[in-house]
Structures are given as C-alpha cells and as structure tokens.
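# Chain and residue survey
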Amino acid sequence: MAKKSTRIVAVANEKGGVGKTAMVINLGAALVKDGKTVLIVDMDPQHNATSGLGIDVTDEMASVYDLISDEGGGAVDDVLWSTKWPGLDVIASHPDLAGAEVELVDAEEREDRLKNAIQPLIDKYDVVILDTPPSLSLLTINVFSCANEVLVPCQTHPYSFNALEDLFDTIGAVQEGINPELKITGLVPTFFDQRLRVCRDIMERLKTDERYQGLLFNTIIRSNITIAASAETGKPVVFYRTGSFGAKDYTSLAREFMMAK
Ligand SMILES: Nc1ncnc2c1ncn2[C@@H]1O[C@H](COP(=O)(O)OP(=O)(O)O)[C@@H](O)[C@H]1O
Ligand SMILES: [Mg+2]
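Around ligand 1, the structure places 14 residues, and the nearest of them are Gly-17, Thr-21, Ala-22, Arg-222 and Asn-224. With respect to ligand 1, the backbone of Gly-19 contributes an N or O atom lying 3.1 Å from an oxygen atom. Between Asn-224 and ligand 1, the recorded distance is 2.8 Å, taken from a backbone N or O atom to a nitrogen atom. Against a free-state accessible area of 550 Å², the protein chains account for coverage of 76% of ligand 1.

Structure (structure tokens):
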C-alpha cells in the first residue's frame with residue numbers, strides 16, 4: 001500500500017491577534033466536517049486552541065510539553081486527546097510549555113523535538129495543523145521544522161500587512177536552514193469588514209502586491225463575532241452556528257485548502 005501523504009501545516013504569523021488560533025480550530029473542524037481526519041497540535045503556551053476545542057487545561061494534565069522537554073519524557077499516546085467530534089484530535093498545550101524554551105537551550109536536536117515526537121502519529125491523519133505562539137521562538141522553530149507547509153492568516157489591517165514582509169523573511173531563513181521542504185501554501189485575509197475602508201484598501205494591496213501573487217487565497221475570513229463566541233464555548237464555529245459567516249468562510253477555506261497543494 002502506498003504511504004499516506006499527510007499534510008502537515010503550520011498556521012503562522014509573528015503578530016498576535018491576527019486569527020491564527022481561530023484558523024487552526026475552525027479549519028480543522030471544517031475539514032473534519034468534510035470527512036477528513038485531523039490532528040491539531042497546540043504549540044502556544046496560552047493554549048487557546050486546546051481550550052477552544054472544549055478541553056480544559058489542568059495543572060496535572062499531559063501536554064505537548066511532556067513530549068518535547070527533557071523533564072517530561074511523555075509518550076505520544078498519553079498526550080493525545082480526542083475531542084467531542086470524531087476524527088478531530090488534539091495534542092494539548094500547557095502553560096509549562098513557556099519554560100521549554102529555556103530548558104532546551106543547550107539540548108541536542110532541540111529544533112526537531114516536536115517532529116520526532118509526533119512522527120508515530122502522523123500516518124493516522126489526513127491533515128495535521130500546528131498552532132504557533134505570536135513570536136519567533138524555539139517553539140515556532142519546532143513547528144516549522146515539523147511542517148511541510150505554512151498557511152498565513154493576515155488581518156486586513158495595515159500593521160498586519162506591513163508585518164508580512166518580516167514573516168516571509170523568517171520563512172525564507174527557515175527554508176534555507178532547517179527545513180528546505182517547507183512551502184507557503186497561502187495567505188488568507190482575516191477580520192475582513194466590507195464596510196471599513198481600511199480593510200478594502202488592504203485587500204487591494206494584497207491583490208496587487210507582486211510579492212504575494214499566487215499565494216492569496218480566494219477565501220476571505222470576515223470579521224464575525226460568532227467566531228469569538230464559539231471559541232469561548234469550546235466549540236468550533238462550524239459545529240456551533242452552521243449558518244454564521246464564520247462557519248461559511250471556514251467551510252470555504254477548508255475546500256480551497258484541500259485544492260491548494
Ligand atoms: N474572523 C474573526 N472575527 C471575529 N473575531 C475573531 C475572528 N477570528 C478570531 N477572532 C477572535 O479574535 C481574537 C484573536 O484571535 P486569535 O485567533 O486568538 O488570534 P491569534 O491566535 O493570532 O493571536 C480571539 O478572541 C478570537 O476568537
Ligand atoms: Mg493564538
């Protein structure tokens with residue numbers, strides 16, 4: 001039997017609040033709704049992806065920290081959590097993950113900890129989606145080393161647009177250094193509001209800027225309060241309010257993502 005080729009996608013942007021975690025949760029859930037199997041790996045110590053999927057993070061629970069730290073020594077099966085939605089699993093984060101950065105400073109193969117740890121699981125899933133913290137840390141480097149593609153949410157706001165250049169430089173450096181296979185699958189506008197001139201201007205710049213040609217997705221994630229509300233209740237928006245803009249946009253993103261390769 002041919003080896004299954006699982007897509008391993010990092011959702012990354014060094015800026016906070018651009019919709020990374022919302023994309024991880026809701027793209028993952030929309031793919032599962034379309035019949036795919038998805039593993040979400042939460043690599044942000046703030047663990048919003050874990051909580052947003054309805055899993056309460058407690059002090060003593062096993063998490064990705066136990067997989068990648070020297071202290072932890074956790075087995076991959078101990079840190080794998082199923083969600084309420086069959087086909088959607090999570091490797092949870094934990095506030096302790098913030099300490100892994102310092103602990104791993106002198107460790108061997110420190111960039112490859114995550115990659116090595118989740119290797120035994122990969123084949124069970126169609127797609128693995130990795131959430132990243134809002135900084136270029138060793139945690140993010142572990143994600144880039146493990147992933148084979150990157151999806152970039154870009155808030156339709158000037159700060160976010162201007163920061164894209166740095167992000168693309170970072171990804172370029174990763175491609176030259178630790179992971180030559182890493183490719184950028186696409187750039188997805190987020191927090192779009194048709195009524196706001198600033199959003200329309202940034203959309204125009206994204207469409208016309210030659211640096212981003214061929215990368216810009218057709219799907220635009222609109223600003224939709226239901227996305228924030230669903231995260232609060234621990235449910236992805238496609239399972240929370242099927243008719244919302246958020247559910248529609250993420251369903252469309254899932255389909256475009258599966259076509260883009
Ligand atoms: N399209 C959207 N419309 C409205 N609120 C959103 C949208 N996407 C995300 N949010 C909310 O905005 C906040 C920041 O988003 P989040 O995904 O956590 O960003 P990041 O992970 O990049 O820091 C969260 O409260 C989230 O629920
Ligand atoms: Mg986040």
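Having seen the model, we can carry on.
Another point: the packing of aromatic side chains. Following the criterion strictly, the structure yields 3 aromatic pairs and no others. Ring geometry for Phe-161 and Tyr-212: centres 6.1 Å apart, planes at 85 degrees, overall edge-to-face. Of this pair, Phe-161 sits in helix H7 (residues 158-176) while Tyr-212 sits in the loop between helix H8 (197-208) and helix H9 (225-232), and the two are 51 residues apart along the sequence. Pair check on accessibility: Phe-161 and Tyr-212 agree, each one buried. Ring pairs connect the aromatic residues Phe-161, Phe-168 and Tyr-212, which therefore count as one cluster. Above the ring of Phe-257, the side-chain terminus of Arg-7 is found at 3.9 Å from the ring centroid.

Another aspect to go through is H7. In this model, H7 (19 residues) spans 28 Å end to end at C-alpha, consistent with the 27 Å of a helix rising 1.5 Å per residue. At Leu-164, H7 shows its maximal bend, which comes to roughly 30 degrees. Of the residues making up H7, those classed as buried are Ser-160, Phe-161, Leu-164, Leu-167, Phe-168, Thr-170, Ile-171, Gly-172 and Val-174. Of the surrounding secondary structure, the elements contacted by the buried residues of H7 are helix H6 (138-146), strand E6 (149-155), strand E7 (183-190) and H8.

A few words now on H6. Of all 9 residues that make up H6, 9 are buried, and the element is covered over most of its length. Buried within H6 we find Leu-138, Leu-139, Thr-140, Ile-141, Asn-142, Val-143, Phe-144, Ser-145 and Cys-146.

Turning our eyes to something else, we now look at the environment of Ala-30. Inspection of the secondary structure assignment puts Ala-30 in helix H1 (residues 20-33). For Ala-30, a relative accessible area of 3% puts it in the buried group. Between the C-alpha atoms of Ala-30 and Val-237, which are 207 residues apart in sequence, the distance is 8.7 Å. Discounting residues that sit within four places of it in the chain, Ala-30 has contacts with Val-238, Tyr-250, Thr-251 and Ala-254.

Attention now goes to the nonpolar core. Within soluble globular proteins, side chains that are nonpolar generally end up buried alongside one another. Counting 51 residues, the largest nonpolar core has Val-41, Ile-68 and Leu-114 as its most contacted members. With near-sequence residues (within four places) excluded, Leu-114 lies in contact with Val-41, Met-43, Val-64, Ile-68, Leu-130, Asn-142, Val-143 and Cys-146. By size, the runner-up hydrophobic cluster in this structure holds 35 residues, among which are Ile-40, Ala-49, Val-127 and Ile-227.

This part is about the pattern of salt bridges. The final tally for this structure, using the stated rule, is 7 salt bridges. Between Arg-7 and Glu-149 there is a salt bridge, with the nearest N and O atoms lying 2.8 Å from each other. Here the residue Arg-7 occupies a position in strand E1 (residues 7-11), and Glu-149 occupies one in strand E6, the gap between them amounting to 142 residues. You can call Glu-149 buried: its relative accessible area is 3%. Taking the shortest distance from any N to any O, the salt bridge between Arg-195 and Asp-193 comes out at 2.9 Å.

Before going further, it helps to examine unusual backbone geometry. The phi dihedral of His-47 is positive, around 45 degrees, even though this residue is not glycine. Along the chain, His-47 falls in the loop between strand E2 (38-42) and helix H2 (48-52). Taking relative accessible area as the criterion, His-47 reaches 18% and is therefore assigned buried. Although it is not a glycine, Glu-109 adopts a positive phi angle of roughly 50 degrees. Relative to the assigned elements, Glu-109 resides in the loop between helix H4 (97-103) and helix H5 (113-122). The class for Glu-109 is exposed, based on a relative accessible area of 52%.

Before going further, it helps to spend a moment on the sheet that holds E1. A sheet is described by the order of its strands in space; here 7 strands give the open sequence E3-E4-E2-E5-E1-E6-E7, paired in mixed fashion. The open sheet is flanked by strand E3 (80-82) and E7, the only strands paired with a single partner. Geometrically, the sheet is characterised by an average inter-axis angle of 25 degrees between neighbouring strands, direction not taken into account. Bridge analysis of E1 against strand E5 (residues 127-131) gives 5 bridges, and the strand direction is parallel. Note that in E5 the partner of Arg-7 across the bridge is Val-127. Packing against the sheet, H1 makes contact with E1, E2, strand E4 (88-91), E5, E6 and E7, and its axis sits at approximately 165 degrees to E5.

Here is what the cut-offs are and how they apply
- Residues numbered from 1 in each chain as written.
- Chains lettered and ligands numbered in written order.
- Predicted model: local features only at pLDDT ≥ 70, side-chain atom pairs only at ≥ 80, totals over all residues.
- Heavy atoms only, no water.
- Near = heavy atom within 4 Å.
- Polar contact = N/O pair within 3.5 Å; in protein donor to acceptor, adjacent residues only side chain to side chain.
- Areas by Shrake-Rupley, 256 points an atom, 1.4 Å probe, with all protein chains shown as cover.
- Phe/Tyr/Trp six-rings, centres within 6.5 Å; stacked < 30°, edge-to-face > 60°.
- Helix = DSSP H or I, 4+ residues; strand = E, 2+ residues; numbered from the N terminus.
- Buried < 20%, exposed > 50% of the residue type's maximum accessible area, 1.4 Å probe, protein only.
- Lys NZ or Arg CZ within 6 Å of the ring centre and 35° of its normal.
- Expected span 1.5 Å × (residues − 1).
- Bend = angle between axes of the 7 residues up to and from the residue.
- Contact = heavy atoms within 4.5 Å.
- Core = buried A, V, L, I, M, F, W, Y, C linked by side-chain atoms within 4.5 Å.
- Salt bridge = Lys/Arg side-chain N within 4 Å of Asp/Glu carboxyl O.
- Pairing = 2+ DSSP bridges.
- Axes fitted to C-alpha atoms, helices over the stretch in contact; angles between N-to-C directions.

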